[in-house]
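A look at the structure
Here is what each chain is made of, one letter per residue.
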Amino acid sequence: LMPTSIAHSTLCQSDSPALWNISTRVVNNETADPVDGRRWFTDGEWFMPFAAEEFGLRIPAEVDLYGLTVSLPEHQCRDGDRLLFTYQPPGLEYNYTSNCSAVMAGRATGLAYRLVLATTEFRQAAGASGVDPYHYRSLLHFSYLLWTSSLDGTSQALDADSRHAYTVLAPLGGANWDDAYDLCAALGPNWRLPVIESRHEARVLDYAMTPRRDYLLGLFDSTWTHQTPLVYKRWAPGQPENVNDDCAVATADGWNDVHCDGHRVSEVVCEYVATEYAFAGSSAWLFNYSTVTPFRELDGPFTLADLPDTNGTALETVEVYGATVQQPSVMCYPMQIDTFFPSASSDRIALRKSERCAMMFVGPALLSEYNAVVAGIVFRTLDRPRVNSSFGYVYWSTPLIRDLVLDVNLHGHTHTVFGPVVNSFDRSADAWSPNVTCALVPGFAFAEPRERTSMDELRVLRRDYAVLDVAARRYSAAGWFQWASDNATLPPYPTTWHSSPAVGAYCAHVTQAEYAARQCNVPSVAALCEASPAVYDYSGVVYNVTIPPAPPLPTDTKSKSKSQEPPRTPSQSMSKELPTAAPPTDAPLTAKPPAPTTEAPNVTDIVTRPPETPAPTVIVGVALNLAVESPLKRINMGQMRRVTVTMSNNNDTIASAVVRVNTTFGAFVGLGSTCRTVVYATVPAFGMGHSVECNLGSVPAGATRTVSFIMLTALNRTTSAPITSVTAAVEPHSMGTWVSAAPVTLANVDFTRQY
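Treat the numbers as computed from the prediction; the structure is a model and nothing was measured.

**What to know about the environment of Arg 459**
Position of Arg 459 among the secondary structure elements: in the loop between helix H7 (452-457) and strand E28 (467-473). Once the C-alpha coordinates of Arg 459 and Thr 511 are considered, the two residues, 52 residues apart in sequence, prove to be 9.7 Å apart. Ignoring any residue separated from it by four or fewer positions in sequence, one finds Arg 459 in contact with Gln 327, Ser 329, Glu 355, Arg 356, Cys 357 and Ala 358. Within polar-contact distance, the side chain of Arg 459 engages the side chain of Glu 457 at 2.9 Å.

**Things to note about unusual backbone geometry**
Between Gln 239 and the following residue, Pro 240, the backbone shows a cis peptide bond with an omega angle of -10°. The peptide bond linking Tyr 493 to Pro 494 adopts the cis configuration, its omega dihedral lying at 10°. Along the polypeptide, Pro 494 turns up in the loop between strand E29 (482-483) and strand E30 (507-511). Even without being a glycine, Asp 221 presents a positive backbone phi close to 55°. On the secondary structure map, Asp 221 appears in the loop between strand E12 (215-220) and strand E13 (223-224).

**Let's talk about the environment of His 413**
Relative to the assigned elements, His 413 resides in the loop between strand E25 (405-409) and strand E26 (414-425). Given a relative accessible area of 44%, His 413 falls into the partly exposed group. For the pair His 413 and Val 542, spaced 129 residues apart in the sequence, the C-alpha separation amounts to 9.2 Å.

**Here's the deal with the state of the cysteines**
By definition, a disulfide is the covalent link that joins the sulfur atoms of two cysteine residues. Overall, the coordinates contain seven disulfides when judged by the stated rule. At a sulfur-sulfur separation of 1.9 Å, the disulfide partner of Cys 247 is Cys 260. Its S-S torsion of about 100° marks the bond between Cys 247 and Cys 260 as right-handed, since a negative value means left-handed. Pair noted here: Cys 247 is in strand E14 (residues 247-251) and Cys 260 is in the loop between strand E15 (254-258) and strand E16 (268-272), with a separation of 13 residues, a long-range link. Using a relative accessible area of 2% as the deciding quantity, one classes Cys 247 as buried. Through a disulfide, Cys 675 is tied to Cys 694; the S-S separation comes to 2.1 Å. Of note, the bridge from Cys 675 to Cys 694 carries an S-S torsion of about 110° and is right-handed in sense. Of the two residues, Cys 675 sits in strand E39 (residues 675-682) while Cys 694 sits in strand E40 (residues 688-699), which places them 19 residues apart along the sequence.

**Observations concerning the confidence of the model for the protein chain**
Within the protein chain, residue pLDDT values average 77, and 76% of them lie at 70 or more. Per-residue pLDDT stays below 50 along residues 556-619; that stretch engages in 136 contacts with residues further than four places along the chain or on separate chains.

**A closer look at the pattern of salt bridges**
Charged atoms that come close allow side chains of opposite charge to pair. Inspection of the entire model under this criterion finds 20 salt bridges. Between Arg 39 and Asp 347 there is a salt bridge whose closest N-O contact spans 3.4 Å. You can see Arg 39 sitting in the segment before strand E1 (40-41) and its partner Asp 347 sitting in the loop between strand E20 (338-342) and strand E21 (350-355), a full 308 residues away along the chain. In the salt-bridge network here, residues are joined through shared partners; they are Arg 352, Lys 353, Asp 403 and Asp 464.

**So, the packing of aromatic side chains**
Under the defined criterion, the tally for this structure stands at 33 aromatic pairs. Ring geometry for Phe 302 and Tyr 393: centres 5.7 Å apart, planes at 90°, overall edge-to-face. In this pair, Phe 302 sits in the loop between strand E18 (296-299) and strand E19 (319-326) while Tyr 393 sits in strand E24 (residues 388-396), placing the two residues 91 residues apart along the sequence. Taken as a pair, Phe 302 and Tyr 393 share a single burial class, namely buried. Plain terms: the ring middles of Tyr 536 and Tyr 538 are 5.9 Å apart, the flat faces sit at 80° to each other, and that makes the pair edge-to-face. Within the aromatic cluster, the residues linked to one another by ring pairs are Phe 302, Phe 340, Tyr 370, Phe 379, Phe 391, Tyr 393 and Tyr 395. Positioned over the ring face of Tyr 506 is Arg 474, at 5.7 Å from the centre of the ring.

**With respect to the sheet that holds strand E33 (residues 539-546)**
Overall, antiparallel pairing links the five strands, which are arranged E21-E22-E19-E24-E33 in an open sheet. At either margin of the open sheet sits one strand with a lone partner, and together these are E21 and E33. Strand-to-strand twist in this sheet, taken as the mean axis angle between neighbours without regard to direction, amounts to 15°. Here E19 runs beside strand E22 (residues 358-366); their pairing, made up of seven bridges, is antiparallel. Note that in E22 the partner of Val 325 across the bridge is Met 359.

**What to know about the side chain of Asp 347**
Given a relative accessible area of 0%, Asp 347 falls into the buried group. From its side chain, Asp 347 meets the backbone nitrogen of Ala 284 in a polar contact 3.0 Å long.

**A few points about helix H3 (residues 177-186)**
Within H3 the residues assigned to the buried category are Trp 177, Ala 180, Leu 183 and Cys 184. Buried residues of H3 fall within an arc of 125° about the axis and therefore sit on the same side. Against strand E10 (164-169), strand E11 (191-192), E12, E14 and E16 lie the buried residues of H3. Following H3 by one or two positions, Gly 188 adopts a phi angle in the positive range, close to 130°.

**Thoughts on the nonpolar core**
The biggest cluster of nonpolar side chains holds 155 residues, and the ones touching the most others in it are Val 268 and Tyr 395. With near-sequence residues (within four places) excluded, Val 268 lies in contact with Thr 167, Val 168, Leu 169, Pro 171, Ala 175, Ala 180, Leu 183, Cys 184 and Leu 193. Core analysis: the next-biggest nonpolar cluster, separate from the first, contains 28 residues, Leu 626, Val 692, Val 707 and Met 711 among them.

**A look at the pairing of E22**
Counted residue by residue, E22 has eight buried out of nine residues, so it is predominantly covered. With five bridges connecting them, E21 and E22 associate as antiparallel partners. Residue pairing across strands places Leu 351 opposite Phe 361, the latter belonging to E22. Hairpin connection from E21 to E22: two residues lie between these consecutive antiparallel strands, with Cys 357 at a positive phi of about 65°.

Reading the values: the criteria
- Residues numbered from 1 in each chain as written.
- Predicted model: local features only at pLDDT ≥ 70, side-chain atom pairs only at ≥ 80, totals over all residues.
- Heavy atoms only, no water.
- Helix = DSSP H or I, 4+ residues; strand = E, 2+ residues; numbered from the N terminus.
- Contact = heavy atoms within 4.5 Å.
- Polar contact = N/O pair within 3.5 Å; in protein donor to acceptor, adjacent residues only side chain to side chain.
- Buried < 20%, exposed > 50% of the residue type's maximum accessible area, 1.4 Å probe, protein only.
- Disulfide = S-S within 2.5 Å.
- pLDDT = per-residue confidence, 0-100.
- Salt bridge = Lys/Arg side-chain N within 4 Å of Asp/Glu carboxyl O.
- Phe/Tyr/Trp six-rings, centres within 6.5 Å; stacked < 30°, edge-to-face > 60°.
- Lys NZ or Arg CZ within 6 Å of the ring centre and 35° of its normal.
- Pairing = 2+ DSSP bridges.
- Axes fitted to C-alpha atoms, helices over the stretch in contact; angles between N-to-C directions.
- Arc of directions from axis to C-beta.
- Core = buried A, V, L, I, M, F, W, Y, C linked by side-chain atoms within 4.5 Å.

See below:
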């Protein structure tokens, strides 16, 4: 029993796991083992994130509660989404609602709030503004927080990334720093004044604590009161300014130092820091990636044998805070040709970021849980000829450096870990001052990204960190930039430089994957840290993973479209025909789904008939035009060009017309339902030949018909010969002959980049 001056009721809490299942994972009541299962969703589907029975059982029926906050992370929310309560017990009222956050307030029993939580509904935007499986939405992570004291309707929130909870107190007469410290401690164990460890945490407080208010920090004499290193700083311009002001307050402009006794605030923000909280939970839902038709699928780039061994080792109880999975940039196709999808989840682990050839997960969880999620990742590609690829992973061993990425050296089979830190860096007095901050995390130092590959891998960070300071500077206007560790010089301008360094710009940073210069006395907010695998145990790379062969291409012009395929459950094969959404189950997935059963295609099944040689006959009144996007622009291996073929008919109505498009070096992707492959043959070391036919159907007199798709150049060309022309021909069946278009040759081919 712990009555306090700020609580309106006394709460009895038992440590019995039978009463308080404070884990956010589903476990077997008898064995305490994780329960295998899935929660799947598809584009536009409405569902109830917390309808599973295990969520209700965590809430004691008779305890008095005062409010409920449910939310979906801001970066996953889309216009048109709605997270709303469908049941409102008497005496409770909506306190706040937005697209992806809702608050219900009022005193009621746990049983009433069980029903509110279980009937909470997520109505997702459908169509173009809805599910984007490539960015943030392939795993949705919902969280809830129950209020255990009456706070007169003020805000409470849960950060799903850190699993920290926040609440606001409104003491009569306000509070100075000592008062605020005692108020938070009186809430019970694990409550404290806010200790902000990252820019993300600061943003959570900014957006969650609505309306915006100033709040005191757990910062005393520039040191966090709970022995946490001061890695992240957010001082306002000109702050801290007074050596006699030992405390700090967070304002809209940043942090200000204030007098501990004299500065009072009307409201106090408190933070709950344990990763287990009886009144908070979360629910993970996987996008049914099987509704996105692939050409090729690699089920699990990583096996459990590739990941840190937690079975009976010292790592069995280690907790990590996030993970990044990457395909090296030099092996990565643009425009989502290569994509990762999660197929295993934990309610503790949220999706931080998902983009071309990289995924980030976040949330404090045991390393073994992250192993299950990473081992369940599926890699999909539209590249038919590629034989293999390489993949890297890095776990975030500390909450102080987030968003870690790998620089993978394919030739030397080595890698480096990079991570950004946010701070207030003024390098005028000491050009290497960021090294002090980097070194607060064991194994890390101020980064020297020297390789082109390093610059490429930092692409993953560009959206969140436009500029990152690096450990390079020059000592005079006549001198050139040098690295800190050995005084080696950086590449000369313009090689990998964003612009010519200005006079007086003596420090260096990375921007847009290029070096750039800046003045040392201009404060920067982010620096790049690095660690070698020799001192960082939570990273690794698997090289030359074989990608299963592509399934046979369709040869039936009347084949059904994806929307006509019969539904299948996720437990069925995900190889040639792919299932639509399966009914969700009531438990998070802790192991990856069954491996696909795709068999290697038979070449005789692919090559259905030899290509026909278009006859030279010209038919008056039927014209064919072939266009290839930017044919004279330099093209590298693995790049793409759009091919467009247009037929014009000035004759009488043509009952049926078929267009054929050929290339001897590349593959056509993005074919419509009216197109089919007639020849597809791979020639080792020389690329491939691909011919497609598209049925234009009936073409009235004076009408035109257009087909368009993407031509993808091969990766494994080893000669320096120019690309062969792309050709096209049309056969109006009623005329019994072929009409050819002028061929198009792609010029300025560059094969210097080998894969």
